[in-house]
Amino acid sequence: MQKQRVTILGATGSIGGSTLDVLARHPERFEVFALTAMRQVGKLADLCHLHHPQYAVVGSAGDAEELRALLGGNPVQVLHGPQALEQVASAPEVTTVMAAIVGAAGLGACMAAARAGKRVLLANKEALVMAGDLFMSAIRDSGAVLLPIDSEHNAVFQSLPDEFDYGLQHCGVRKVILTASGGPFRTRSVESLRDVTPDQACAHPNWVMGRKISVDSATMMNKGLEVIEASWLFGVGADRIEVLIHPESVIHSMVEYNDGSVIAQLGNPDMRTPIAHALAYPERMASGVSSLDLVKQGRLSFEAPDLERFPCLALAYAALRTGGLAPAVMNAANEVAVAAFLNNELGYSDIARVVGAVLERADCSAAPDLETILAADAAARNFAREEIVRYR
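In what follows, the accompanying structure is described.

Notes on the overall build of the protein
At step 1: Along its length, the protein carries 16 helices and 11 strands.
At step 2: Relative to the compact-globule value of 21 Å for 392 residues, the protein shows a C-alpha radius of gyration of 20 Å, a close match.
At step 3: With the C-alpha coordinates aligned to their principal axes, the bounding extent of the protein is approximately 55 × 50 × 45 Å.
At step 4: Residues counted as buried form 57% of the 392 residues belonging to the protein.
At step 5: Across the protein, every contact between residues at least 6 apart in sequence was considered, and the portion connecting residues at least 24 apart equals 68%.
At step 6: Averaging the locations of the 33 positively and 44 negatively charged side chains of the protein gives two centres separated by 3 Å.

Here it is, written out as C-alpha cells:
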C-alpha cells in the first residue's frame, strides 16, 4: 500500500494533535509531509522533532527564524506566511490535507487544497461558511475528495447511503439532525449570562478544544456555523437542518429518511473517531478510542435549543437564509467579538448583539468571487470593532 502523505494545517491545535496521534498508530499507511502553526513556535518545534515532516510553516519571518533556531540540525524546511500555507496544501507530493486552522485564516489554504484535487479532510468550517459555493465548485472541478471532520458532519456522512455525492436529492432524506451538547451554560439562567467569564465559557463539559471554538460552543455560534456548513456539504436548505441539544454527546448526529427511519452515528466524544474514519475512508482502522459502553452510559437525553439563551444560533439560521455575503459577514463579526470577549473587552451576552448589529450594517449581497468575500470580511471586522466600543 502506497503511503498517504499528509499536510496538517493547524498542527498545534486539538484537531492537529488528535490527527498526529492517529497517524502515529499507522506508520505503515501515513507519513507527515508538512505541519503548520501560526504562533506556537515551541510546540511546533517539538512536533517536528517527533514526526519529522519535510516542511514546517509559521505565520511570520520572525517566527520562522525562531523555529529554525529551535530545530537546530533538524533538516525540516521552514517557511512562513499565507503563500507558504497554500504551497504545502497543494504540493504535488501531498495526497491528504487536514484543514484544521480555526477561522477565516484557513480559507486560502483550504481553497488551494481543493483546487489541487487533494483529499481534503475539512475541520475548518469557515471555508464553507465564507465561500461555500466557490469551495464546493473547486472540489467538483478538480475531482478532490471532501471528507468532513466535525463530529456532527462526519456522523451525518456515515449515516448516508454509499451513493451520496454532495447532495441529498436522490437519497430519500427528509432532514439532517445535528446534535449539540448545549455547552457549559445549558441550564444557567439567561439573566446571569452577562457575568460569564472567559474561563467559564471555555470550560466545555465534554470536549477539549481551543478557547475560540470553546466560546463558540458556549454561545452555540459553533452549531450555527455547522448548520451553514451542513447546507453546503449535503445540499439541503435551512428548513431541512434541525439542531437538537443532546448533553451526553454520544449521538453525534442523525439523518431522518422519508420512510420515517432515523439513522444515527454513536461513539465516545473523541475527535480521533471522525479523523480515523476520514483518513481510512472507505475502509476502517483503529483510532485509539475506547469502546462505547451503553450500559454504563445509562441514558441519552434530548431537548430543543432555547433561542433566547442561544441567540447566535438564530443569527446563523438567518444568515443562511439570507445567503450571499451574510454568512461571511457573520463569521467575521463573531471572530472579532469573541476575541474581544476573551480579552475582557466585551461581555459574553454582547457577542450576539455585536454580530447582529454588523449583519444589519454590512453589505450582504452576492458573493461572486474570493476577492469580494475577503473585502466583506474586512469590512465586517471594522464594523464589529466600532460596535464593540459602544459596549465598553
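Describing the sheet that holds strand β1 (residues 4-9)
At step 1: Strands sit in the order β4-β3-β2-β1-β5-β6-β7 across an open sheet of 7 strands; the sheet is parallel. Where the open sheet ends on each side, the last strands, each with one partner, are β4 (77-80) and β7 (145-148). In this sheet, adjacent strand axes meet at a mean angle of 20° when their direction is disregarded.
At step 2: As defined by bridge partners, strand β3 (residues 55-58) adjoins β4 across 4 bridges and the pair is classed as parallel.

Overview of the nonpolar core
At step 1: Grouped together as the largest cluster of nonpolar side chains are 100 residues, with contacts concentrated most on L9, F135, V329, M330 and Y348.
At step 2: Residues within four places of Y348 in sequence aside, it is in contact with F185, L193, V196, A201, A218, T219 and F341.
At step 3: Judged by nonpolar contacts, the second largest core, of 37 residues, contains L147, I149, F157 and L279.

Some thoughts on the pattern of salt bridges
At step 1: Counting across every chain of the model gives 22 salt bridges.
At step 2: A salt bridge links K223 to E152; the nearest nitrogen and oxygen atoms lie 2.7 Å apart. Residue K223 is located in helix α10 (residues 221-234), and its partner E152 is located in helix α7 (residues 151-159); the two are separated by 71 residues in the primary sequence.
At step 3: The class for K223 is buried, based on a relative accessible area of 7%.
At step 4: Residues participating in the shared-partner salt-bridge network are D21, R25, D270 and R272.

Describing helix α4 (residues 82-90)
At step 1: Of all the residues in α4, the buried ones are A84, L85, V88 and A89. Taken down its axis, α4 places every buried residue within 135° of arc, on the same side. Across α4 from its buried face, at more than 90 degrees, point the exposed residues P82 and Q83.
At step 2: Check the buried side of α4 and you find it contacts β1, β2 (30-36), β3, β4, β5 (96-99) and α5 (107-115).

With respect to helix α14 (residues 326-342)
At step 1: Taking 1.5 Å as the rise per residue, α14 with 17 residues should run 24 Å; its terminal C-alpha atoms sit 24 Å apart, in good agreement.
At step 2: Of all 17 residues in α14, 16 are buried, a share of seventy percent or more.
At step 3: In the stretch just after α14, N344 is the one whose phi turns positive, near 60°.

Topic: the packing of aromatic side chains
At step 1: The full count for this structure, using the stated rule, is 4 aromatic pairs.
At step 2: Relative to Y348, the ring of F185 has its centre 5.3 Å away and its plane inclined at 80°; by these criteria the two rings are edge-to-face. You can see F185 sitting in the loop between β8 (173-180) and α8 (198-201) and its partner Y348 sitting in the loop between α14 and α15 (350-361), a full 163 residues away along the chain. Of the two residues, F185 and Y348, neither departs from the other in class, the shared state being buried.
At step 3: Centroid distance F341 to Y348: 5.7 Å. Interplanar angle 65°. Geometry classified as edge-to-face. Exposure class is identical for F341 and Y348. Each is buried.
At step 4: Cluster of aromatic residues (ring-pair linked, three or more members): F185, F341 and Y348.

Some words on the side chain of H153
At step 1: Looking at the secondary structure, you find H153 in helix α7.
At step 2: Within the structure, H153 has its side chain in polar contact with the side chain of E229 (distance 3.4 Å).
At step 3: Reaching out from H153, the side chain makes a polar contact with the backbone nitrogen of A230 at a distance of 3.5 Å.
At step 4: Setting aside its immediate chain neighbours within four residues, H153 contacts P148, E226, E229, A230, L233 and F234.

Calculation notes
Here, residues in each chain are numbered from 1, in the same order as that chain's written sequence. Residue-level local features of this predicted model are given only where pLDDT is at least 70; pairs of side-chain atoms are given and counted only at 80 or more, and the full residue set underlies all totals for whole chains, interfaces and linings. As a convention, hydrogens and water are excluded, and side-chain values are obtained from all of the structure's heavy atoms. Helix and strand assignments follow DSSP, with helices taken as H or I runs no shorter than four residues and strands as E runs no shorter than two, numbered in order from the N terminus. With the radius of gyration taken over C-alpha atoms, the globule rule is written as 2.2 Å times the number of residues to the power 0.38. Summary of the burial criterion: residues with accessible area below 20% of their type's maximum are buried, those above 50% are exposed, and those between are partly exposed, where the area comes from a 1.4 Å probe applied to protein chains only. We call two residues in contact whenever any of their non-hydrogen atoms come within 4.5 Å of each other. Charged residues are defined narrowly, with Lys and Arg counted positive, Asp and Glu counted negative, and His plus the chain ends left uncounted. In plain terms, the charge of a residue is placed at NZ if it is Lys, CZ if Arg, CG if Asp and CD if Glu. Any two strands with at least two DSSP-identified bridges between them are counted as paired. Every axis in this analysis is a line fitted to C-alpha atoms, fitted for helices over the stretch in contact. Angles between the N-to-C directions lie between 0 and 180 degrees. In this text, buried Ala, Val, Leu, Ile, Met, Phe, Trp, Tyr and Cys residues form a nonpolar core when linked through side-chain atoms within 4.5 Å. The salt bridge criterion pairs a side-chain nitrogen of Lys or Arg with a carboxyl oxygen of Asp or Glu, the two atoms within 4 Å. Here the arc refers to the directions that run from the helix axis out to each C-beta atom. Each residue after the first adds 1.5 Å to the expected span of a helix. Note on ring pairs: Phe, Tyr and Trp rings are taken, using the six-membered ring of Trp, and paired if centres are within 6.5 Å. Classes follow the plane angle, with under 30 degrees stacked, over 60 edge-to-face and the rest tilted. Polar contact is defined as a pair of N or O atoms within 3.5 Å, subject to the rule that within protein one atom must be able to donate a hydrogen and the other to accept it, and that residues adjacent in sequence are counted only when both atoms are side-chain atoms.

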